Amino acid sequence: MEHVDQQLINGLQKGDLNAFEELYRQYYVFLCLIAENMVRDPADAKEIVSDVFVRLWNIREKIEINTSVKGYLIRAVRNTSLNYLGQKRQNGILTDRLDDSDYQLYAWSSDYPLGRLFEEEVRKILDQGIESLPDACREIFLLSRNEELKYCEIAEKLGISVNTVKTQLKIALSRLREALRDYLLILIFIVFL
Amino acid sequence: MSPNKNYLSPEYLIPGYLSGELTPEEKSELLIWIKSNPENKRLFDEYCEIWITARSSINHPEYNFHEGFWKFKQKIRTEAGIPEGFKRKSLTRELLKYAAIIIITALLSGLSFYYFGRSQVINRDQSMNELVVPLGSSARFCLSDGTTAILNAGSRLKYDNSFGISERVVSLEGEGFFNVAKVSDKPFTVKTSHINVIAMGTAFNVKAYSNDKTIETTLVEGSLKVEGIAAKGTAEVTVLKPNQKLTFFKEDSTIVGEIPGVEKKRVITAQPAEVQKPVSIARAVTENVDVKPVISWKENKWIFEKKSLAQIAVELERKFDVRIEFESERLKTYRFTGTLLAEPIEQVLELMSISAPINFDLKGKVVTLSENKNFGELNKRLYNQ
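Quick summary incoming for the structure in this document. Please read these numbers as outputs of a predicted model, since none were measured by experiment.

Comments concerning the pairing of strand β21 (residues 358-363) of chain B
Taken residue by residue, a regular strand's side chains alternate between the two faces of the sheet. Residues and elements named next belong to chain B. As judged from the six bridges shared by β21 and strand β22 (residues 366-371), these two strands associate in the antiparallel manner. Across the sheet, the residue bridging to Asn-359 is Ser-370, located in β22. Hairpin remark: β21 followed by β22, antiparallel, with two residues in the connecting loop; positive phi at Gly-364, about 60 degrees.

Next comes the structure, spelled out in structure tokens:
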């Protein structure tokens, strides 16, 4: 991994478009999701990720990546998204969908996400974790993740209450957290190092 | 769990937050809960991490990386409009520079062969060859025995016409990287002001600028013998193994080194063997040296680790042929770690000024460094970008 990264970084520094394409292939969706989670708009998310890559391109010769390319990109996307939220906040164009708490939450919570779980092997464990959720719980989780259904839509579809949906989703996440415990521990260790 | 059946702990709000289901009231409730306890914050962070990773493993037609990459290429093309012109120009300049180095290399090695050829026939006493690399540049050349040497800015290398016949001796002032060709029975000696470095077939770096307080010899491969010059108070010999560095302090004619592996300085002091001169000879060796930063200069790259601005300034002066003045003494103690590729001095200074509270003023060949009182503001801006 480290070695591959070094090659990639060398490519980036030289302005090798293949290296940039590789980054797009590996991380584009993940980065867009991080941005989307913060700014709540896919189009804006794409814009943010694109800005991050263009900036990386502009400073490629001077780039100094100490951790990993992935870590760098995640941080950059996070900061750019936060900046975007900050601007919206300043211009008073935050909406119900995107309000002051969103900005505060991210401005204040400084180290999420780290992309530790975004590794092939960990994702496999995550998938296994999803597989082994209790049936009803898994079904609700997948409806939310795959179909991006609203709570009320899931409730209606399955003939259950919205509160059950909430509870089950929380259970799903805590079970997955349990399944990924070791990896998340590493994550904590690194954060507090 | 709360006795009220309709009440759920704010922890249950996290999935809702992640899928964008929360009302503003619920969001502020969640925010308060997260802020109230580091444990809660950690839980939130971890759920975010799990949720986004889980989402990333399914298809997202709205995020197509081909499309994203295509747009990226469009953007850098339009943005690069003018700078690209510059780039092309500087590329030509780069090529010219390399061409010049190649030509100089060819000339120098040709010359050494030529003189060598003559010296065999004619008397040896008159000619000494001297290679001078001006400040702001570096040069690579090949000696008649097949040894390659790269000289850093502001260095000079002298050698006798008889070089290679009975012995191989060069004198160095400045910094050079030598890749010595193996010639049995003929060691290769680099003489400096205070020490001689004797090699068989090896690659090593010698840094012996007359305005430095130390002479540093770093061995990349092979083995190396470093001897003091008796007239300068020491004739002691030190043998170096690969990845060892020997530091020689000129002031009191001592050879000193440090061992970073165990993080402490070791100075071995001994008296010269023959006479009781009052001069102390201290020598020690740095083990497990990362040679990359030491020889990075020869690839036109410059790696420095925790170097003080005072040290960096000296090297900048050589590298770019400028003079650096400090408006404040405090600045000299700032330490930098980084890698620079071949960049113009303006860019190097620019980089420093965004990573530390330093202002620079470049007028002709004089750079004035001063403290930047507004750095906090600048840093904030950069960070938020």
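Having put the structure on the table, let's press on.
Remarks on the nonpolar core
Within the largest apolar cluster, 82 residues are counted, with the highest numbers of intra-cluster contacts made by Leu-23, Phe-53, Leu-56, Leu-73 and Phe-141 of chain A together with Leu-30 and Phe-72 of chain B. For this core, the element with the most residues is helix α2 (residues 17-39) of chain A, which contributes 14 residues. When near neighbours in sequence (up to four residues on either side) are disregarded, Phe-141 of chain A contacts Ile-130, Leu-133, Leu-169, Ala-172, Leu-173 and Leu-176 of chain A together with Trp-51 and Ala-54 of chain B.

Overview of the packing of aromatic side chains
Per the stated rule, a full pass over the model turns up 15 aromatic pairs over all chains. Note on Phe-20 of chain A and Trp-57 of chain A: the rings are 5.2 Å apart at their centroids and 65 degrees apart in plane angle, and the pair reads as edge-to-face. Taken as a pair, Phe-20 of chain A in helix α2 and Trp-57 of chain A in helix α3 (residues 42-58) lie far apart in primary sequence, 37 residues in all. Accessibility assignment for this pair places Phe-20 of chain A and Trp-57 of chain A in one class, buried. Both rings, one in Phe-20 of chain A and one in Phe-72 of chain B, keep their centres 5.3 Å apart while their planes meet at 20 degrees; by these two values the pair is stacked. With Phe-20 of chain A in helix α2 and Phe-72 of chain B in helix α4 (residues 65-79), the pair connects residues from two separate chains. What makes Phe-20 of chain A buried here is its relative accessible area of 0%. Every member of this aromatic cluster is reached through a ring pair, and the members are Phe-20, Tyr-24, Tyr-28, Phe-53 and Trp-57 of chain A together with Phe-69 and Phe-72 of chain B. In this arrangement the basic side chain of Arg-60 of chain A is found over the ring face of Trp-57 of chain A, its NZ or CZ atom lying 3.9 Å from the centre. Just above the ring of Tyr-209 of chain B sits the side chain of Arg-318 of chain B; from NZ or CZ to the centre is 3.4 Å.

So, how was this worked out
Sequence order as written defines the numbering, with residues in each chain counted from 1. Written order determines the labels here, with chains lettered from A and ligands numbered from 1. Reporting in this predicted model follows two pLDDT cut-offs: at least 70 for local features of residues, and 80 or more for side-chain atom pairs to be given and counted; totals over whole chains, interfaces and linings ignore these cut-offs and use all residues. Side-chain figures throughout are based on the complete set of non-hydrogen atoms in the structure, without hydrogens or water. Each pair of strands is called paired provided DSSP finds at least two bridges between the two strands. For the purposes of this entry, the term helix denotes a DSSP run of H or I that reaches at least four residues, the term strand denotes a run of E that reaches at least two, and both are numbered from the N terminus. The nonpolar core is taken to be a set of buried Ala, Val, Leu, Ile, Met, Phe, Trp, Tyr and Cys residues, with the residues joined through side-chain atoms within 4.5 Å. When a residue's accessible area, from a 1.4 Å probe over protein chains only, is under 20% of the maximum for its type it is buried; when over 50% it is exposed; and in between it is partly exposed. We call two residues in contact when some of their heavy atoms are within 4.5 Å. Aromatic contacts are taken between Phe, Tyr and Trp rings whose centres are within 6.5 Å, Trp giving its six-membered ring; a plane angle under 30 degrees counts as stacked, one over 60 as edge-to-face, and the others as tilted. In this scheme, the term charge over a ring applies when either NZ of a lysine or CZ of an arginine sits within 6 Å of the ring centre and within 35 degrees of the ring normal.

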